[in-house]
Amino acid sequence: MNLVPTKFFVTSSSAVSSISELNAFDRALINAGIGEQNLVSVSSVIPVGAGQIMPIELPMGAVTHCVLAQMRGTEGETISAGIAYGFRKDCKGGYVAEGHLHGSKKSLKADLQWKMNEMARLRGVEFEDISFIIEEQEIPANNYGCCVAALVFTEYRD
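Along each chain, residues carry numbers from 1 onward, in the same order as the chain's sequence is written. Residues qualify for local features only when their pLDDT is at least 70, as the model is predicted, and side-chain atom pairs are given and counted only at 80 or more; totals for whole chains, interfaces and linings, by contrast, use all residues. Heavy atoms throughout the structure, all of them, feed into the side-chain values; hydrogens and water do not.

Participant: Teacher, can you tell me more about the packing of aromatic side chains here?
Facilitator: The geometry of an aromatic ring pair is captured by the separation of the ring centres together with the interplanar angle, meaning the angle of the planes. Classification of ring pairs rests on two measures: the distance between centres of Phe, Tyr or Trp rings, Trp counted by its six-membered ring, which must be within 6.5 Å, and the angle between planes, read as stacked under 30 degrees, edge-to-face over 60 and tilted in between. On inspection of all chains with the given rule, the structure shows four aromatic pairs. Summarising the aromatic geometry, the rings of F8 and F87 are spaced 6.2 Å apart at their centres and angled 35° between planes, so their arrangement reads as tilted. Placement of F8 in strand β1 (residues 4–17) and of F87 in strand β6 (residues 78–88) is noted, with a sequence separation of 79 residues between them. Between the aromatic rings of F8 and F153, the centroid separation amounts to 6.5 Å while the plane-to-plane angle is 70°, which identifies the pairing as edge-to-face. Of this pair, F8 sits in strand β1 while F153 sits in strand β9 (residues 144–157); the two residues are 145 residues apart in sequence, bridging distant segments of the chain. For the pair formed by F8 and F153, the shared burial category is buried. Taken together, the ring pairs in this structure connect F8, Y85, F87 and F153 into an aromatic cluster. We count a charge as sitting over a ring when the NZ of a lysine or the CZ of an arginine lies within 6 Å of the ring centre and within 35 degrees of the ring normal. The residue whose ring lies beneath R72 is F25, and the NZ or CZ to ring-centre distance is 4.4 Å. K109 extends its terminal NZ or CZ atom over the ring of F132, reaching a point 4.9 Å from the ring centre. Think of it this way: any DSSP run of H or I at least four residues long counts as a helix, any run of E at least two long counts as a strand, and we number them from the N terminus. The cut-offs for exposure are 20% and 50% of the maximum accessible area for each residue type, with area from a 1.4 Å probe on protein chains only; residues under the lower value are buried, those over the upper are exposed, and the others partly exposed.

Participant: Would you mind going over the pattern of salt bridges with me for this structure?
Facilitator: Two side chains bearing opposite charge may form a pair once their charged atoms approach each other closely. Here, a salt bridge means any Lys or Arg side-chain nitrogen found within 4 Å of an Asp or Glu carboxyl oxygen. Applying the stated rule across the entire model yields five salt bridges. Residue K7 is joined to E155 by a salt bridge in which the shortest nitrogen-to-oxygen separation is 3.8 Å. Of this pair, K7 sits in strand β1 while E155 sits in strand β9, placing them 148 residues apart in sequence. Two residues, K115 and D111, come together in a salt bridge whose shortest N-O distance is 3.5 Å. Pair noted here: K115 and D111 are both in helix α2 (residues 105–123), with a separation of four residues, about one helical turn. We classify K115 as partly exposed; its relative accessible area is 26%.

Participant: Can you walk me through the sheet that holds β1 in this structure?
Facilitator: What links the strands of a sheet is backbone hydrogen bonding, and the strands pair in either a parallel or an antiparallel sense. Note: two strands are recorded as paired if DSSP finds a minimum of 2 bridges between them. Taken in spatial order, the five strands of this open sheet run β2-β5-β9-β1-β4, and their pairing is mixed. Sheet topology places β2 (38–41) and β4 (51–52) at the edges, where each strand pairs with a single neighbour. Bridge count for strand β5 (residues 63–74) against β9 is nine bridges, and the pairing is antiparallel. Bridging from a neighbouring strand, R72 pairs with C146 of β9. Against the sheet, helix α1 (residues 21–31) contacts β1, β2, β5 and β9, and its axis sits at roughly 130° relative to β1. We call two residues in contact when some of their heavy atoms are within 4.5 Å. For helices, the axis comes from a line fit to the C-alpha atoms of the stretch in contact; other axes are also lines fit to C-alpha atoms, and the angle between any two N-to-C directions lies between 0 and 180 degrees.

That is the geometry; function is a separate question.
What follows is the structure, encoded as structure tokens:
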């Protein structure tokens, strides 16, 4: 069986918790609309013909393939997580780069741009426009924080 995604959406969120980093991560996933799924991390290839859709509600417990970026931290830190994605100019699919860091959205965007440029260089291809979705959070005192960003595959063909 070859599952080839045909649709995807992108989402992101951030959250804090006074209990733990894990609880901040859980809350960020819920806020992003993917907290009730069984997430399976996949690498960074968008298949030929796959199209972007608006975020949709997925069934509870669904095994859900996604490219996921996450960054966790503690009080006083600035954290960022995000993805960049783009389609090849030759119409042969696309790629996703994920990233996370202790630092700003601006710094992460530069890092993601560099990663996408390197993906194109290694493959000898050019991208159409590159899109970014990045979360940044300054974690307040007595809290843990988490930022997430994901490209979520929703439909498949054999």
